[in-house]
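Topology and contacts: notes
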Amino acid sequence: MGVMIKLDIVPEKIDAAEWESVYEETLILLNEYSFMDKIVDKEKYNYKWIYTQQSKERELVSGRLGWYTFGDMIRMKNAENFMLIRDLSYYEDFTKEANCDEVLISLINWQSQMTEEIQSLTVNTRSVFNSKTQGYPYHMYILAIACLIESRFPKYACVSGDVTKAQMQKAIEWANSILEKPIEISERANNEKLLQRLTAYLTDQYSQLSAFLYLTINQKNKELGDFITNHFSQAAIKRYYSEWSKRYKVTQVGFSNSLEEYLKLGFDLEMLCNICILDEDSCNYDPTAFIKKVLKFVDKNERTTQDGIDVGINSPDSAAPETVPSLFGKIFLQMSGLSSHVEIDTTVEELKEVFKRKLGHLCDVEEIFEEVLSVDAEAEAEINNQILELLAERGEEQSKKQEYDIEEVEELILWEPGQTIWPEIEEFLEKIKETIEEIVAESEVDFADYSKSEKMRLLMEYNKYFYLSKNTWDFIEASLDNEYIYSRVLALLRIKADNKTTNRACKSILNNLDLFNYLWE
């Protein structure tokens, strides 16, 4: 599981000179954020010396110029790498036969649930970005660069992955504060343009709707539903939700998701009854189970507060990227039955009228409503609200400035002289300091006999658990003759920092030289 950013291009449709011009713009953005590069130097000390520094253009693949990043230099949080090459021909080396040049099709033509018309189309795309950021700080800034490239080549470049419309807007706002020529959000946020691009290659309305609903980054709401109703036939809409619902039983999460989307878009309740029960080719759901499912969703939604947190994953209006913990947490909350309030026009009373008219001859609708709308349902909704509100309150508490400047171990890397540290973290730092002093005291090695190269190689040998910045290595190199400093740096690297807390603390001590000096001044 991870949080990804993807960028695909159709290189044969992009002019090489224009690509290089846009690449130059990415360098401007690259210099405006603390992107982290990893350097491997095997020559200076005849050893594999790894350090991090600010990302900049350098020789990468086969001597080609480009840039590389896998995190940020401020918090030193790293995930997977992103690389961009100046020379477009690097991406043209990998080609295949194609019958379509619409980059958006490449996001869906490999999916089994798509129509034969969609799957028959092939696009000569090349992946530029396809890595996990895990929602770390550099996520938003990599996204800004990806949005820049898509904006400059809107027909032949496309950003996807765990990104939302709100994230794109935030990333673009940052980019536009720097670039001379503004960039625009993906055409996937423009219903008219998105549909126009799809209809140029897809003739069947069912195919068009399947592609449109998958590719749009707009919120699934009544406004989008009205657009769909005005541009697609009822037959296409009906077929789409019929085919989708047939994949699931009425009790499965897949149907719940389909139902929520259908209701948020404001589509017809009577058609939903036909799709799920009444048509000859319907899903053949049990009428009682179907009514209970829909009623429980609508009733719970009516009772659910709008002030709680959103447990939806990658919600279009969320500007904050997901993280691995947030993904796990939201999945767990959803599996536990927790749900956020969503905007739908359907009410419980409207449901009863439709179900009586459409399904009254198949089951006792009144009795089902009495059973579902019980005291238990009200209590369940109240618990749902209390949990949502509690989670929201805790989120607000975490975001507020607290009593201490540093309240988490991972924030130690940001510590500055004069700032206060949470007492428990101070105690932990003291324990680390005591451990270091014990290691130093017990050491029988006389470093006076070591050359500077030998001292450096020894540090590199023990540098296994986290990255050190070039700035830190420069400090170490300048302190090789200072046994007091050298022995404590070596001891810090010798600590088995394989648990998260110890790792973050030791990494912060060595990469925040103010903190190192604070402990050993």
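Residues numbered from 1 in each chain as written. Predicted model: local features only at pLDDT ≥ 70, side-chain atom pairs only at ≥ 80, totals over all residues. Heavy atoms only, no water.

Below, the discussion takes up the overall build of the protein chain. Of the regular secondary structure elements, the protein chain holds 22 helices and eight strands. Looking at the protein chain as a whole, 49% of its 521 residues qualify as buried. The long-range share in the protein chain, meaning contacts at least 24 apart out of those at least 6 apart in sequence, stands at 71%. For the protein chain, the computed accessible surface area is about 25500 Å², with 45% contributed by carbon and sulfur atoms. (Helix = DSSP H or I, 4+ residues; strand = E, 2+ residues; numbered from the N terminus. Buried < 20%, exposed > 50% of the residue type's maximum accessible area, 1.4 Å probe, protein only. Contact = heavy atoms within 4.5 Å. Areas by Shrake-Rupley, 256 points an atom, 1.4 Å probe, with all protein chains shown as cover.)

The next point concerns the side chain of Asn-503. Looking at the element boundaries, Asn-503 is found in helix 21 (residues 500-511). Of the residues examined, Asn-503 reaches a relative accessible area of 16% and is grouped as buried.

Where helix 15 (residues 365-372) is concerned, the buried positions are Val-365, Ile-368, Phe-369 and Val-372. All buried residues of helix 15 project into a common sector of 100 degrees when viewed along the axis, lining one side. In this structure, helix 15 carries Glu-367 and Glu-370 as exposed residues pointing more than 90 degrees from its buried face. Where helix 15 begins, the side chain of Asp-364 points an oxygen toward the backbone nitrogen of Glu-366, at a separation of 3.3 Å. (Arc of directions from axis to C-beta. Polar contact = N/O pair within 3.5 Å; in protein donor to acceptor, adjacent residues only side chain to side chain.)

A few words on the nonpolar core. Core analysis: the biggest nonpolar cluster contains 63 residues, and Phe-212, Ile-228, Tyr-241, Phe-290, Ile-291 and Phe-355 have the highest contact counts within it. The leading source of residues in this core is helix 11 (residues 269-278), at seven residues. Not counting residues within four places of it along the chain, the set of residues in contact with Tyr-241 comprises Leu-213, Ser-258, Glu-261, Tyr-262, Leu-265, Phe-267 and Ile-275. Listed in part, the 51 residues of the second largest apolar core include Ile-5, Leu-29, Met-36 and Leu-84. (Core = buried A, V, L, I, M, F, W, Y, C linked by side-chain atoms within 4.5 Å.)

Right, let's get into the packing of helix 1 (residues 16-31) against helix 4 (residues 139-152). For the pair helix 1 and helix 4, the least separation of the axes is 10 Å and the interaxial angle reads 155 degrees. By the angle class used here, helix 1 and helix 4 are roughly antiparallel. Two packed elements cross with a definite hand, and for helix 1 against helix 4 that hand is right-handed. Across from Trp-19, Val-22, Glu-25, Thr-26 and Leu-29 in helix 1, the residues of helix 4 making contact are Ala-144, Ile-145, Leu-148, Ile-149 and Arg-152. (Axes fitted to C-alpha atoms, helices over the stretch in contact; angles between N-to-C directions. Parallel < 35°, antiparallel > 145°, perpendicular 65-115°, else oblique. Left-handed = near helix turned anticlockwise from the far one by under 90°.)

Our focus in this paragraph is the sheet that holds strand 1 (residues 4-9). What links the strands of a sheet is backbone hydrogen bonding, and the strands pair in either a parallel or an antiparallel sense. In space, the three strands of this open sheet follow the order 7-1-8, with antiparallel pairing throughout. Both edges of this open sheet fall to strand 7 (126-132) and strand 8 (157-161), since each of them pairs with a single strand only. The average angle at which neighbouring strand axes cross in this sheet is 10 degrees, direction not considered. (Pairing = 2+ DSSP bridges.)

This part is about the packing of aromatic side chains. Summed over all chains, the structure comprises 31 aromatic pairs. Aromatic pair Trp-49 and Trp-473: ring centres 5.9 Å apart, planes at 85 degrees, arrangement edge-to-face. Taken together, the residues Trp-49 in strand 3 (residues 49-54) and Trp-473 in helix 19 (residues 470-478) connect sequence positions 424 residues apart. Trp-473 carries the same exposure label as Trp-49, and that label is buried. Within the aromatic cluster, the residues linked to one another by ring pairs are Tyr-33, Phe-35, Trp-67, Phe-82, Phe-129, Tyr-138, Tyr-141 and Trp-174. Between Lys-455 and the ring centre of Tyr-486, over which it is positioned, the NZ or CZ distance is 5.7 Å. (Phe/Tyr/Trp six-rings, centres within 6.5 Å; stacked < 30°, edge-to-face > 60°. Lys NZ or Arg CZ within 6 Å of the ring centre and 35° of its normal.)

Once that is clear, we can look at helix 10 (residues 253-264). With twelve residues, helix 10 should cover 16 Å at 1.5 Å per step; its first-to-last C-alpha distance of 16 Å lies within 8% of that length. Along helix 10, the residues classified as buried are Gly-254, Phe-255, Ser-258, Leu-259, Glu-261, Tyr-262, Leu-263 and Lys-264. Gly-266 occupies a position one or two residues after helix 10 and carries a positive phi of about 75 degrees. (Expected span 1.5 Å × (residues − 1).)

Let us look at the sheet that holds strand 5 (residues 65-71). Sheet architecture is open: three strands sit in the order 4-5-6, paired in antiparallel fashion. The two strands at the open ends of the sheet, each matched to only one other strand, are strand 4 (58-59) and strand 6 (78-85). Taken together, the five bridges between strand 5 and strand 6 define a ladder with antiparallel strand orientation. Residue pairing for strand 6: Trp-67 is matched across the bridge by Leu-84. Against the sheet, helix 1 makes contact with strand 5 and strand 6, and its axis sits at roughly 40 degrees relative to strand 5, the strand it touches most.

What follows is about the packing of helix 17 (residues 423-442) against helix 20 (residues 483-494). One way to put it is that helix 17 packs onto helix 20 with a least axis distance of 9 Å and a crossing angle of 110 degrees. One way to sum up the angle between helix 17 and helix 20 is to call them roughly perpendicular. Handedness of the helix 17/helix 20 crossing: right-handed. When helix 17 is examined against helix 20, the residues Ile-432, Ile-436, Glu-437, Ile-439 and Val-440 are found in contact with a partner set consisting of Ser-487, Arg-488, Ala-491, Leu-492 and Arg-494.

Another point: the pattern of salt bridges. Throughout the structure, instances matching the rule amount to 26 salt bridges. Ionic pairing is found between Arg-58 and Asp-37, a salt bridge with its closest N-O pair at 2.6 Å. Placement of the pair is Arg-58 in strand 4 and Asp-37 in strand 2 (residues 36-41), with a sequence separation of 21 residues. By relative accessible area, which is 0% here, Asp-37 ends up buried. The salt bridge involving Glu-187 is made with Arg-197; its shortest N-O contact spans 3.0 Å. In this pair, Glu-187 sits in the loop between helix 5 (165-176) and helix 6 (191-199) while Arg-197 sits in helix 6, placing the two residues ten residues apart along the sequence. Judged by its relative accessible area of 14%, Glu-187 is buried. (Salt bridge = Lys/Arg side-chain N within 4 Å of Asp/Glu carboxyl O.)

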